[in-house]
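Each chain, letter by letter, is given below.
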Amino acid sequence: MDPLFIRMHAADNVAIVANDGGLPAGTVFPCGLQLREQVPQGHKLSLVDIAAGAAVLRYNVMIGTALRDIPAGSWVHERILRMPPARALTQLPMATVKPVPLMPLAGHTFEGYRNTDGSVGSRNILAITTTVQCVAGVVDFAVQRIKAELLSRYPNVDDVVGLEHSYGCGVAIDAPDAIIPIRTLRNISLNPNFGGEVMIVSLGCEKLQPERLLPPGVIPITDQRGGAPGDDKLDVVCLQDEEHIGFMSMIDSVMRQAKVHLERLNMRRRETCPASELVVGVQCGGSDAFSGVTANPAVGFASDLLVRAGATVMFSEVTEVRDGIDQLTARAINTEVAEAMIREMAWYDLYLEKGQVDRSANTTPGNRKGGLSNIVEKAMGSIVKSGTAPIVGVLAPGEKVRQKGLIYAATPASDFICGTLQLAAGINLHVFTTGRGTPYGLAQVPVIKVATRSDLARRWHDLMDVDAGRIATGEATIEDVGWELFRLMLEVASGKKTWAEHWKLHNALVLFNPAPIT
Ligand code: CA
């Protein structure tokens, strides 16, 4: 491949090196520019002379100022850039962008499981909700037995998962912020992939009692016990109940109750559903400088296709969009949505401030090695995942989505916590972009992984589902990969396995608990 750099905007004074392995000093680009030093792949080079103190522009956004004179053809890395301060949450443009309405996209369907609450599952899974970490070992044991002894009798059920977590006791359960972990667990139990079959394993003495986790009225009655009117009792196996004599009697109880739900789940069949029933969560992890050039723009294009098809798409990761807050408030559909976005950012600013977190805490060493100098540059590449549609709604952490269109679901950027909160928000599909590479997966919802570079897609050929690196080399366009991803989403939602599912790779649920531990 000829020496190639990628510039994101005509006003940019830096670009990134596209070639695998980077380029050596002395390399001459077709435009005549010569490299003064070696520049690794994905890292920035200066296109013109940049004077000390001048703005360094990528995505037509100031990602820093030069700490010294940077002659054209130099390697521009984080050590010669000063990071700009965070954008204040005042005087922001509110719902100022009036986007051209996106053309409706009709005729795309997938085969999903319809639920009585109107949602649609992409998988048919028995989930066992837990109130407290104390029961995790018992639930694990029972899940293994269910898989080994029962599951083969219920061929239409895809899997059994224990919803285990670190919460439930030893926590300040009445602290105002405790609402976040509690509603997260509640809403995960109601994820569309579990068919409304809620069964709970509780210890008995824990702070998070089953009725507090799932108060009356939260689960539609028809979903609980086959619709018997008035029967709104929760299905709880309580380990401390007197009926339990010895460990095996606990396991027997869990298995007996599991059978009741497996019978009902097994009667369900996939049916043709419009693409508008997709609820897709997007996030990135292990990002590099290509994330914002290849994978994330392709996801953004696919996100627009989903919105055009009437579906729900959510993007998240507060710290990775915080520096682009003005773009987001401008894209809000109305001032209420813009204000909700500012409220979430302000809450998170305060949360970070309490912990004395500085602005260098996000980017990771791997991000910087991949060419991302700081959080401003990372944020610009992250936001493009959201495409161009107006933002129609905002969710606080752990809340459940109730509308179609592009939603901002406020979550930390941590991959596992973001995934956990998006599960609570009600996703039936998860799209994950990565440049450095991560084997990330979820047991509850299929995860489609998109590689930002072809080199990663080749090396991790049995972990990455889509190679967006072809965009950097010119083998494919953003639109090509966006459509490919959109079609793959419909196939995966219909039952096609992702690589993470093939290998049964999944990460633990990790709750966001900003409240104190006691
Ligand atoms: Ca992430």
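Residues numbered from 1 in each chain as written. Predicted model: local features only at pLDDT ≥ 70, side-chain atom pairs only at ≥ 80, totals over all residues. Heavy atoms only, no water.

This part covers helix H5 (residues 295-308). Because each turn of an α-helix spans 3.6 residues, side chains separated by three or four positions end up pointing in the same direction. Between its first and last C-alpha atoms H5 spans 20 Å; for 14 residues at 1.5 Å apiece the expected length is 20 Å, and the two agree. The buried fraction of H5 amounts to 12 of the 14 residues, a majority that puts the element mostly inside the structure. Taken together, the buried positions of H5 are Ala295, Asn296, Pro297, Ala298, Val299, Gly300, Ala302, Ser303, Asp304, Leu305, Leu306 and Val307. Taken from the residues just after H5, Gly310 is the one with a positive phi, measuring 90°. (Helix = DSSP H or I, 4+ residues; strand = E, 2+ residues; numbered from the N terminus. Expected span 1.5 Å × (residues − 1). Buried < 20%, exposed > 50% of the residue type's maximum accessible area, 1.4 Å probe, protein only.)

Another point: the sheet that holds strand S7 (residues 81-82). Sheet architecture is open: three strands sit in the order S4-S5-S7, paired in antiparallel fashion. Edge strands, defined here as strands with exactly one partner in the open sheet, are strand S4 (55-58) and S7. Bridge count between S4 and strand S5 (residues 61-66): four bridges; the pairing is antiparallel. Paired with Leu57 across the strands is Met62, a residue of S5. This element, helix H10 (residues 375-383), spans S4 and S5 of the sheet and lies at about 160° to S5. (Pairing = 2+ DSSP bridges. Contact = heavy atoms within 4.5 Å. Axes fitted to C-alpha atoms, helices over the stretch in contact; angles between N-to-C directions.)

For the rest of this paragraph, the subject is the environment of Arg368. By the secondary structure assignment, Arg368 is in helix H9 (residues 365-369). Residue class for Arg368 comes out partly exposed when judged on its relative accessible area of 25%. Once residues lying within four places of it in the same chain are set aside, the contact partners of Arg368 are His43, Glu78, Ser360, Thr363 and Ser373. Within polar-contact distance, the side chain of Arg368 engages the backbone oxygen of Thr363 at 2.8 Å. (Polar contact = N/O pair within 3.5 Å; in protein donor to acceptor, adjacent residues only side chain to side chain.)

Our next topic: the domain arrangement of the protein. If you check the domain split of the protein, you get domain 1 (1-85), domain 2 (110-266) and domain 3 (281-502). Taking only C-alpha atoms into account, the centre of domain 1 sits 53 Å from that of domain 2. (Domains from an automatic or database assignment.)

Next up on the list: the packing of H5 against helix H14 (residues 478-493). One way to put it is that H5 packs onto H14 with a least axis distance of 8 Å and a crossing angle of 55°. By the angle class used here, H5 and H14 are oblique. Handedness of the H5/H14 crossing: right-handed. Packed against H5, whose contacting residues are Pro297, Ala298, Val299, Phe301, Ala302, Leu305 and Leu306, the element H14 presents Ile478, Glu479, Val481, Gly482, Trp483, Leu485, Phe486 and Met489 at the interface. Classifying every residue of the contact of H5 with H14 gives 13 nonpolar, one polar and one charged. (Parallel < 35°, antiparallel > 145°, perpendicular 65-115°, else oblique. Left-handed = near helix turned anticlockwise from the far one by under 90°. Nonpolar A, V, L, I, M, F, W, Y, C, P; charged D, E, K, R; others polar.)

Here we take up the coordination of the calcium ion. By definition of the ideal shapes, four donors in a tetrahedron about a metal sit 109.5 degrees apart, and six donors in an octahedron sit 90 or 180 degrees apart. Protein coordination of the calcium ion is provided by Gln283 (OE1), Cys284 (O), Glu317 (OE), Ala413 (O) and Asp415 (OD), with donor distances spanning 2.3 to 2.6 Å. As a motif over one chain, the donors of the calcium ion read Q-C-x32-E-x95-A-x1-D. One end of the pair, Cys284, is in strand S15 (residues 279-284); the other, Asp415, is in helix H11 (residues 415-425), with 131 residues separating them in the sequence. Here Cys284 matches Asp415 in class, with each residue buried. (Donors = N, O, S within 2.8 Å, 3.2 Å for Na, K, Ca; no water.)

So, on to the sheet that holds strand S19 (residues 429-434). Strand order in this open sheet of seven strands is S17-S18-S16-S15-S19-S20-S21, and the pairing throughout is parallel. Looking at the sheet topology across the chains shown, the edges are occupied by strand S17 (391-395) and strand S21 (466-467). Both S15 and S19 contribute to a ladder of five bridges, which runs parallel. Within S19, the residue paired with Gly281 across the bridge is His430. The sheet contacts of H5 involve S15, strand S16 (312-315), strand S18 (405-409), S19 and strand S20 (447-451), and relative to S19 the element is tilted by about 160°. Sitting on the sheet, helix H8 (residues 335-354) is in contact with S17 and S18, with an inclination near 35° to S17.

This part is about the pattern of salt bridges. Tallying each qualifying case throughout the model produces 22 salt bridges. Between Glu149 and Arg145 there is a salt bridge, and its shortest N-O distance comes to 2.6 Å. Taken together, the positions of Glu149 and Arg145, both in helix H1 (residues 136-150) and four residues apart, correspond to about one turn of that helix. For Lys385, the salt bridge is made with Glu317, and the minimal N-O distance between the two is 3.4 Å. Here Lys385, found in the loop between H10 and S17, pairs with Glu317, found in the loop between S16 and helix H6 (318-321); they are 68 residues apart in sequence, far enough to count as distant. With respect to burial, Lys385 and Glu317 carry one shared label: buried. Ionic contacts of the salt-bridge type, sharing partners, join the residues Arg114, Glu271, Glu277 and Lys404 into one network. (Salt bridge = Lys/Arg side-chain N within 4 Å of Asp/Glu carboxyl O.)

A few words now on the nonpolar core. By size, the foremost hydrophobic cluster in this structure holds 58 residues, and its most contacted members are Leu278, Tyr408, Val431, Ile448, Leu485 and Met489. Looking at which element gives the most residues to this core, the answer is H14, with eight residues. Counting residues domain by domain, this core receives three or more from each of domain 2 (110-266) and domain 3 (281-502). Excluding residues that lie within four positions of it along the chain, Met489 makes contacts with Val280, Ala302, Leu306, Leu429, Val431 and Ile448. Among the nonpolar cores identified, the runner-up in size contains 26 residues, and Val143, Val157, Val160 and Val237 belong to it. (Core = buried A, V, L, I, M, F, W, Y, C linked by side-chain atoms within 4.5 Å.)

Taken together, the side chains of Phe141, Phe247 and Met248 define a hydrophobic patch exposed on the protein surface, amounting to about 260 Å² of accessible area. In this structure, Phe247 sits in helix H4 (residues 247-266). Its relative accessible area of 35% is what places Phe247 among the partly exposed residues. (Patch = residues over 30% accessible without salt bridge, like charges linked within 9 Å, V, L, I, M, F, W, Y side chains within 5 Å. Areas by Shrake-Rupley, 256 points an atom, 1.4 Å probe, with all protein chains shown as cover.)

What follows deals with the pairing of S15. Counting buried positions along S15 yields six of six residues, so the element is predominantly enclosed. Both faces of S15 are covered, namely the face carrying Val279, Gly281 and Gln283 and the face carrying Val280, Val282 and Cys284. Since S15 and S16 lie parallel, the crossover through H5 that links them has a hand, and here it is right-handed. (Right-handed = clockwise from strand over helix to strand, strands pointing away.)

On to the packing of helix H2 (residues 179-189) against H11. Direction vectors running N to C along H2 and H11 enclose 60°, while the axes themselves pass 7 Å from each other. In terms of axis orientation, H2 runs oblique to H11. Between H2 and H11 lies a crossing whose hand is left-handed. For the pair H2 and H11, contact is made by Thr184, Asn187 and Ile188 and by Thr420, Leu421, Leu423 and Ala424, respectively. When grouped by side-chain class, the residues that make up the contact of H2 with H11 number four nonpolar, three polar and no charged.

Another point: the side chain of Arg322. Along the chain, the position of Arg322 falls in the loop between H6 and helix H7 (325-331). A polar atom in the side chain of Arg322 sits 2.8 Å from the backbone oxygen of Arg87. Beyond its immediate sequence surroundings of up to four residues, Arg322 is in contact with Ala86, Arg87, Leu89, Met345 and Asp349.

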